[in-house]
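Overview (structure and organization)
Each chain is listed here by its residues.
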Number of protein chains: 2
Amino acid sequence: MPNTHDDEQRIDAIRFLAIDAVQKANSGHPGLPLGAAAMGYTLFSRHLKFSAADSAWFDRDRFVLSAGHGSMLIYALLYLTGYPLTLDDLKNFRQFGSKTPGHPELHHTPGIEVTTGPLGQGVGNAVGLAIAEAHLAATYNRQQKIVDHYTYCLAGDGDLMEGVSGEASSLAGHLGLGKLILLYDDNKISLAAPTDVTFTEDVCARYAAYGWHVQNVTSDDGNDVNAIDAALIAAREDPRPSFIAVHTIIGYGSPKAGTFGAHGEPLGADNVKKTKEALGWPTEPDFFVPDDVLAWWRELGKKGAPAQDAWNATYGAWKGANPELAAEFERIRDGAVPPALPWPIFNAENGNVATRDAGGTVMNAVAEALPELVGGSADLDPSTKTYLKGFGDFQPGNYEGRNIHFGVREHAMGAVANGIAAHGALLPFTATFFNFLDYMKPAVRLAALNNTREIFVYTHDSVFLGEDGPTHQPIEQLASLRATPNLTTIRPADALETLEAWKFAVAHEGPTAIVLTRQKVPFLGVRDAAVARGAYVLHEAQDDEPELILIATGSEVSLALDACKLLEAQGTATRVVSMPSFELFLQQPEGYRDSVLPPTVEARVSIEAASTFGWHRFVGPRGIAIGIDHFGASAPAAAIAKAFHFTPEDVAKTASGLLAKT
Amino acid sequence: MPNTHDDEQRIDAIRFLAIDAVQKANSGHPGLPLGAAAMGYTLFSRHLKFSAADSAWFDRDRFVLSAGHGSMLIYALLYLTGYPLTLDDLKNFRQFGSKTPGHPELHHTPGIEVTTGPLGQGVGNAVGLAIAEAHLAATYNRQQKIVDHYTYCLAGDGDLMEGVSGEASSLAGHLGLGKLILLYDDNKISLAAPTDVTFTEDVCARYAAYGWHVQNVTSDDGNDVNAIDAALIAAREDPRPSFIAVHTIIGYGSPKAGTFGAHGEPLGADNVKKTKEALGWPTEPDFFVPDDVLAWWRELGKKGAPAQDAWNATYGAWKGANPELAAEFERIRDGAVPPALPWPIFNAENGNVATRDAGGTVMNAVAEALPELVGGSADLDPSTKTYLKGFGDFQPGNYEGRNIHFGVREHAMGAVANGIAAHGALLPFTATFFNFLDYMKPAVRLAALNNTREIFVYTHDSVFLGEDGPTHQPIEQLASLRATPNLTTIRPADALETLEAWKFAVAHEGPTAIVLTRQKVPFLGVRDAAVARGAYVLHEAQDDEPELILIATGSEVSLALDACKLLEAQGTATRVVSMPSFELFLQQPEGYRDSVLPPTVEARVSIEAASTFGWHRFVGPRGIAIGIDHFGASAPAAAIAKAFHFTPEDVAKTASGLLAKT
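Bear in mind that the values here come from a model prediction, so they are computed numbers and not experimental data. (Residues numbered from 1 in each chain as written. Chains lettered and ligands numbered in written order. Predicted model: local features only at pLDDT ≥ 70, side-chain atom pairs only at ≥ 80, totals over all residues. Heavy atoms only, no water.)

**Let's talk about the overall build of chain A**
- A count of helices and strands for chain A gives 25 helices and 17 strands.
- Since a compact globule built from 662 residues should have a radius of gyration of about 26 Å, the 28 Å found for chain A is in line with a globular shape.
- Referenced to the eigenvectors of the C-alpha coordinate spread, the extents of chain A come out at roughly 90 × 60 × 45 Å.
- Across the 662 residues of chain A, 68% fall into the buried class.
- Counting only contacts in chain A whose residues sit at least 6 apart along the sequence, the fraction spanning at least 24 positions is 76%.
- Accessible area for chain A stands at about 20100 Å²; split by element, carbon and sulfur atoms hold 51% of it.
- Distance between charge centroids for chain A: 2 Å, based on 51 positive and 78 negative side chains. (Helix = DSSP H or I, 4+ residues; strand = E, 2+ residues; numbered from the N terminus. Rg over C-alpha atoms; globule rule 2.2 N^0.38 Å. Buried < 20%, exposed > 50% of the residue type's maximum accessible area, 1.4 Å probe, protein only. Contact = heavy atoms within 4.5 Å. Areas by Shrake-Rupley, 256 points an atom, 1.4 Å probe, with all protein chains shown as cover. Lys, Arg positive; Asp, Glu negative; His and termini not counted. Charge placed at Lys NZ, Arg CZ, Asp CG, Glu CD.)

**Examining empty space enclosed by the protein**
- All told, the structure shown has 12 cavities of 30 Å³ or more when counted by the stated rule.
- In this structure, the largest cavity spans a volume of roughly 140 Å³.
- Looking at the largest cavity, it is lined by 23 residues, and the ones nearest its centre are G166, R206 and Y210 of chain A together with G166 and Y210 of chain B.
- Those elements that provide at least two residues to the lining of the largest cavity are α6 (157-161) and α7 (163-175) of chain A together with α6 (157-161) and α7 (163-175) of chain B. (1 Å grid on protein atoms, 1.4 Å probe; cavity = no way out; pocket = protein on both sides within 12 Å on 5 of 7 lines; lining within 4 Å. Points joined across faces, edges and corners; volume = space filled by probe spheres on them.)

**Overview of the layout of surface pockets**
- Of the pockets and cavities examined, the largest pocket occupies roughly 1900 Å³.
- Residue classes in the lining of the largest pocket are distributed as 22 nonpolar, 10 polar and 18 charged. (Nonpolar A, V, L, I, M, F, W, Y, C, P; charged D, E, K, R; others polar.)

**A look at the relation of the copies chain A and chain B**
- Superposition record for chain A on chain B: RMSD 0.0 Å, screw rotation 180 degrees, translation along axis 0.0 Å. Viewed as a symmetry operation, the transformation between the two copies matches a two-fold axis.
- A high fraction, 100%, of the interface residues of chain A reappear at the interface in chain B, so the copies pair face to face through one surface. (Least-squares fit on C-alpha atoms with pLDDT ≥ 70 in both.)

**Describing the pattern of salt bridges**
- Evaluated as defined, the whole model comprises 61 salt bridges over all chains.
- A salt bridge links R491 of chain B to D461 of chain B; the nearest nitrogen and oxygen atoms lie 2.8 Å apart. Placement of the pair is R491 of chain B in the loop between β10 (488-490) and α19 (495-507) and D461 of chain B in the loop between β9 (454-459) and α18 (477-482), with a sequence separation of 30 residues.
- A relative accessible area of 1% places R491 of chain B in the buried class.
- The network of salt bridges with common partners includes D438 and E476 of chain A together with K441 and R445 of chain B. (Salt bridge = Lys/Arg side-chain N within 4 Å of Asp/Glu carboxyl O.)

**Here we look at the sheet that holds strand β1 (residues 62-65) of chain B**
All names here are of chain B.
- The sheet built from five strands is open, its strands ordered β1-β2-β3-β5-β4 with parallel pairing. Edge positions in the sheet fall to β1 and β4 (213-217), since each of these pairs with one other strand and no more. Put simply, the sheet's adjacent strands are angled 15 degrees from each other on average, direction ignored.
- Pairing of β4 with strand β5 (residues 242-247) involves five bridges; the strand directions are parallel. Bridging from a neighbouring strand, H213 pairs with S242 of β5. (Pairing = 2+ DSSP bridges. Axes fitted to C-alpha atoms, helices over the stretch in contact; angles between N-to-C directions.)

**A closer look at the interface of chain A and chain B**
- At the junction of the two partners, chain A supplies 98 residues and chain B supplies 99 residues.
- Counting each side, the surface lost to burial between chain A and chain B is near 7600 Å², with a carbon and sulfur contribution of 61%.
- On inspection of chain A and its partner chain B, the count reaches eight salt bridges.
- The residue D438 of chain B makes a salt bridge to K441 of chain A at a minimum N-O spacing of 2.8 Å.
- At the junction of chain A and chain B, the tally comes to 42 residue pairs in polar contact (both at pLDDT 80 or more).
- When residues of the side of chain A that touches chain B are assigned to their parent elements, the largest contribution, eight residues, is made by helix α17 (residues 437-450) of chain A.
- When the residues that make up the side of chain A that touches chain B are grouped by side-chain class, the tally is 41 nonpolar, 34 polar and 23 charged. (Buried area = accessible area lost by both parts, 1.4 Å probe. Polar contact = N/O pair within 3.5 Å; in protein donor to acceptor, adjacent residues only side chain to side chain.)

**What about the state of the cysteines?**
- Counting across every chain of the model gives zero disulfides over all chains.
- The thiol of C153 of chain A is unpaired, and the distance to the nearest cysteine sulfur, on C204 of chain A, comes to 15 Å. (Disulfide = S-S within 2.5 Å.)

**Overview of the sheet that holds strand β3 (residues 180-186) of chain A**
Residue and element names in this part refer to chain A.
- Ordered in space as β1-β2-β3-β5-β4, the five strands form an open sheet in which the pairing is parallel. Sheet topology places β1 (62-65) and β4 (213-217) at the edges, where each strand pairs with a single neighbour. Direction aside, neighbouring strands of the sheet carry axes that sit 15 degrees apart on average.
- Two strands pair when backbone bridges link them, and β1 and strand β2 (residues 151-156) are joined in this way by four bridges, in the parallel orientation. Paired with R62 across the bridge in β2 is T151.
- Against the sheet, helix α5 (residues 121-140) touches β1, β2 and β3, its axis set at about 170 degrees to β2.
- Relative to the sheet, helix α9 (residues 225-237) contacts β2, β3, β4 and β5 (242-247), its axis offset from that of β4 by approximately 175 degrees.

**A look at helix α11 (residues 291-302) of chain A**
Residue and element names in this part refer to chain A.
- Compared with the 16 Å implied by 1.5 Å per residue over 12 residues, the 17 Å span of α11 between its first and last C-alpha is a close match.
- The complete set of buried residues in α11 reads V293, L294, W297, L300 and G301. What you see down the axis of α11 is that its buried residues fit within an arc of 120 degrees, all on one side. Looking at α11, the residues exposed on the side facing more than 90 degrees away from the buried face are D291, D292 and K302.
- Turning to α11, the residues buried within the fold contact α1 (5-25), α2 (31-46), α3 (71-81) and α12 (304-321). (Expected span 1.5 Å × (residues − 1). Arc of directions from axis to C-beta.)

**What to know about the nonpolar core**
- In terms of nonpolar packing, the biggest core is built from 167 residues, with L550, I607 and F646 of chain A together with L550, I607 and F646 of chain B touching the most fellow members.
- Beyond its immediate stretch of four places on either side in the chain, I607 of chain A contacts L550, I551, A552, T553, E556, L559, A560, I626, F646 and V651 of chain A. (Core = buried A, V, L, I, M, F, W, Y, C linked by side-chain atoms within 4.5 Å.)

**Some remarks on the pairing of β3 of chain A**
All names here are of chain A.
- Counting buried positions along β3 gives seven out of seven residues, so the element sits mostly inside the fold.
- Residues L180, L182, Y184 and D186 line one face of β3 and the alternating positions I181, L183 and D185 line the opposite face, and both faces are buried.
- The sheet contact formed by β2 and β3 spans six bridges and is parallel. Across the sheet, the residue bridging to Y152 is I181, located in β3.
- Of the pairings in the sheet, the one linking β3 to β5 comprises six bridges and is parallel in character. Bridge assignment links I181 to a residue of β5, and that residue is S242.

As C-alpha cells, then:
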C-alpha cells in the first residue's frame, strides 16, 4: 500500500525543516534526515510511546539517534510533536548557546535521551537503556507493570562499522533484550565514500549471528511507511532484540541523493530549492510547515498524555499495593542517596589490604542498601573484586540480577553504563584493569560530557601489577583521566581512602573513576574526610615546620611514609601529603591548598608510579616529580620497585639531593 | 587418523615447558598452551615458513599470538625450534630483564612479530601484516615473487569479543586478504567465566558474514593434528581470508581442564604433576624434553634454511632483472629515508592555510619519493586531507594502491598500522579527527611501546572545529598523548611547522602524532628548524629583555602574536614562544631550554585551546595557563573564540593582570 499524500506531507515536513536548518547554519548533515525521515515518521506516529508535554515521563519509550550527525531529524521531530523546542530553536541550529547543538546532547534539549555523535556509542547506550528497563521491570513490576517500554535506536553505516556497536550488539543478543529495536539506515554511503570501498560485509547476517531477529525493508527506498510499520510490529512481537535494515537513499530527493556529498555539508541554497521542487514542497519561505501538517503533528504529540494518565493510574495502584517498594523506587528514580549507609569500618586490624579488595568490601557492604547499584566488569571480576555477592547475575530469565557480565568488551561496557545512567533510577558501575581504560575512553568521555553519576572502577593501577608486563601496566592513564573535564579521579592510598572514595562517588552528581591497587598496602591510620578535600597532611613534620614535602597518591603514599622515616632519621623535617584526587584538591579554597602545600616550602617531591605529566603544578620549579616516564616491565612487583627506584632509600636519596641543592 | 605417538610427544613438549615455566614464575597463563599446543605444533611443523636461524628473513610467514597471555606457547615453540632463546630464558619467564616477558613484545624476543596481550590487537596487527604483504607483493613482485608469505593468527574468545577484532576482520573480509588465516582457540572459557554467561553468538556465522572462508575443527578436543592440518591446507587454498574454529579444552590434561581456573594462574605444583601423569610425561625434572623430541624440533627449525636459500636465489635473480626496483626495495626494507626529498616550500604568499591542508600538501609532495608511505583515514580523508593523489586505492585487485580506506574503524586502523609497521618496509600513516584518538588509543599505545615508525595524523584539533560541538571537540587529548612514553606529539602553528613536523616524523625511529587545525591560520614567517627543538622564540621582546613570555602551540600561536602586539602597544616587552612539541623541547639541553624560557622571567602565560593539564611545568607557579578545562560548544569558531576568551584582547588582559600582580 503506497504512502498517502498526508504521509508524504508529514515526512516532507521533517525533511525540509532539517535541510533549511542545515542551510541556515551553513553547517550540518542533510543526508540522513532526507533519507531516514520516513523511518522517523513511522516510529513517532505509530510506535513510540511519548508525551511531548513531559519528556521526563519515566515509562516513555526511549529513542536513540545513534547517527547523531543527523540531529536535525530528531530536532525536527521534537519541534513538530510539540516538545518545548521552538522554530527559533531550529533556526539557531549549531549556534552558541542554542538548544540545537550539532550533535544531540543529554540534559541539553528536552527529548534527547543520550548524547550521540561519536559513532557507535548510541548503539551501546541503547543496549544500556534496554538493560535498565529489563532490570527495573524485573525488580519493580508486580501485578501492575510500572516499567514497560521499548528502546529504539537508529544507526547508520558508520555506527555499525565501529567495534563498540558490535560488542554491544553481541551482548544484547546474548542477553535476549527483546524490547530493543535497532533501525539500520542502510544507505551504503558514509562520510568519505560509498561503503563499497570498505564495508561490504553482510550486516544482516552478522546481526543474525549475534542472535538478533533480523528483517530487511527494501521497498521504495526506505519511504514505505507501511513496510516499516510492519517490520516494527514484527520486531516488537519477537522475543529477541530486533534489527531492521531499511534500504534508504542518503540525501533523498536532492540533487546530491545517493552520494557522499549529501552526508556532511549543506546542500547549498540552489539544491535546497531543487529538492523542494522535486518533492513538491513550496520553495519559500524557509522553515515552512503547512498549518494542517503542523496541527496533525502537534495532535500526535498530545496523544501520549492520555497514555501517561493511564500509566499514572497504574502507578498509583502499584504504589498503593507496594508502599515500601514504591518508596525505594521513588528514591532511586530521584537519584537520592539513602541518609545512612552501612559503610564498613577499616582499621589497622585489617592488616595490609589491596585497595581493590577494600573496594570490593565497600561495594558489598552497601549493596543491599543501594539497590540502584548495578554493573560488572569486562570479564575480570575475580581480579577487580567488584562482584556483588548474593545479588545474582543479569542473565536471560534473571533480569533482576545486578551483576552484568560484560565480557571482554570494555568499550561496550562503558557505552552500556552511559545508557543505564541516562535511563534513570540506576547507578551503574564498571570495572576493568586500569590500562584498559584506553579501550573504553570514548565512553568515559561521554559520561563526563553528560555529567552523569557513574562509577568507573580501575584496578591493577600501576607497574606494581607485576608480571603481566608493560602491555598491562598503566603509565599515562592517570594523566588522561585527570585532564578530562567533569571527571573526578581518585587513587586511594589504603582501605580507608578507598571507602571515602566510594562515599564520594555514590553521592556525587557526575562520574567518578576509582583507581585501585592489585597489591596489598598498609593501613595508614584512622583519619577524617581523607578524600573529600583531595589532599591532606598525612604526616606532619616535627614542630609543624617542614623543610620538605613528600606528596604521593595510592600505593606510593606508604612508600612516602617509609622514605619520610629515613629522612627524619637524618634530621630532615618532612611532611607527607596524601593526594588521592587532583580535581578535589584544586576545588578547595586557596587557603586550604596553601595550608597543605605552603608556597614557602619549595622543596617538594611527588611520588607516583605513573607518568609525571601534570605533577609539576604541585612540586613547582624547584621540586622533583618521581614517576615513570617510560613503559613498565614484566617482573615481580618487588623487582620492578627496585629497578625503577621506588624504594624508601631511593626516594630519600632523591629528596636529600634536592635539599642539598636548594 | 589419530595422532602418532611422536606427534603427542612433540605436542606435550610444548605443554610441559609452558606449564613448568608458569609454575616456576608462579605467575602466568597455563590454560592456552595446554589447550592449543596441537594447533601450535601443526602450524609450525606443517605450514609455517620460518628459519629459526634468521628470525628477520623478510619473506617468512608471520605468526601472531593475539591471545598474548598464552605467551609460553610461542616461547616454547621458539625454544624448541632453535631460535636464540635458551632453556634459561624459559626459566626466567616473567622475570626482570628476561627475554620472556609475560606477554610477547616486539623487538624484545627473536621470533615475536608483534606485541600482544591487550586483547583483539593481534587480530588487527595480523590484518596489517597481511595488507603489507599484499601491497609489497603487488608492488615489487615481477617474474620472481620476492614477497609471498602467509600471516597466521591465533586468537581466543577474549580477542573475538573485542570490537577491534571485529572491525579488522570486517575490513579483511572486504579486502579479500586470502593469505590471512585466523585460528580460533574456541574453548568457551574466558578469564572470569565460561563464555555462556556473555558470549553465545555464532562466531563462525559472524565471520562468514564478514566474507571469510570459515571452517570448524571439532574432533578430538583440538588435538587432531590431521584435522587441523587439513583445515590449514583448505584455508591456504581458499582465496578469502580464512577462519578456523578449533574446539579446544582450556587447561587440557590438567585437573583444572575446562574451567576458568585454568586461564590465568599457575596450576600449582601438585596439579602440574597430575597433568604430567595424566598425559604420560615424566614428572621430573622440570623443563624436561626428551632428547629425541628436542632433536626433532631442532631439525624442524633448520628446515627453513634451505627454503631461505631458495628465496635468496630468487631474490638475486629478481634483483638482477630489476636493479632500480631492488634499490628502492632495499632502501625501504632497511627503513632508510632518501637523502633528499622534494619537500614543498611555504611562505607568506600561500596566505592563510589550515595546517590540515598544509599536511596534505606535504604528504603529496613527497609521496612519489616515499613509496613506503601507505595509509589512510577512518572514512575522513576529504576532511583530514590525507589522500595520496594518484597513488590508487588499496582494494581487491589493486593491492598496489597506497590509500587504505579503513572505514569508520579507528581502532582497527591503529592496530592495522601497527601490523604494517611491524611487517617492515612500509611507513604507515593513519588519520582521523583528533577527538577520535580515543577510539584508537590502545593501538597508539602499542605503537609507542613497540617504538615503531608510524605517523598518526589528527585534524580538527580543537574547539575551533566549530559547529560539530563538544562531542567532536578534543580537550584532554593532547595531555593524553603527551603523557604517553615514546610518542612524539607535534601541534604545528602554521604550514611551515607542519612541514617540519612531517620532516621529523619521516626520519624519526618511533611514532609521531601530528595534530592539525581544521581552520586556516596565518603564515608566521620563514624560520629554521622550527620544530626539531620543540620550542623556540618566534618573536623577541624589545631589547631582548622580555618582561613577559607568551607560550602557545598550534592555532594559538598567531593569537599569541596578536595579543603580543596589543601588549607591546601598552609598552610591555613581550616574547612569544611557539612550542609545537613538549617532548622535543624537554629533550633539549638545559641551556637551550633556559634560553627560550629564562628562569628569571616568571611572568608567563601559556595559550592552548585544550586542557591546561601539564602546562604548569612551563608557566611556573607565578604564570597563568590559558586553556579550556571544560567541554566545548557547538557554534561557529569565531563565536567559540569569543565565548571562551580566546581573543587577542582577552589574552592581553589576562597577561596584563598577571604583570600587575607580580
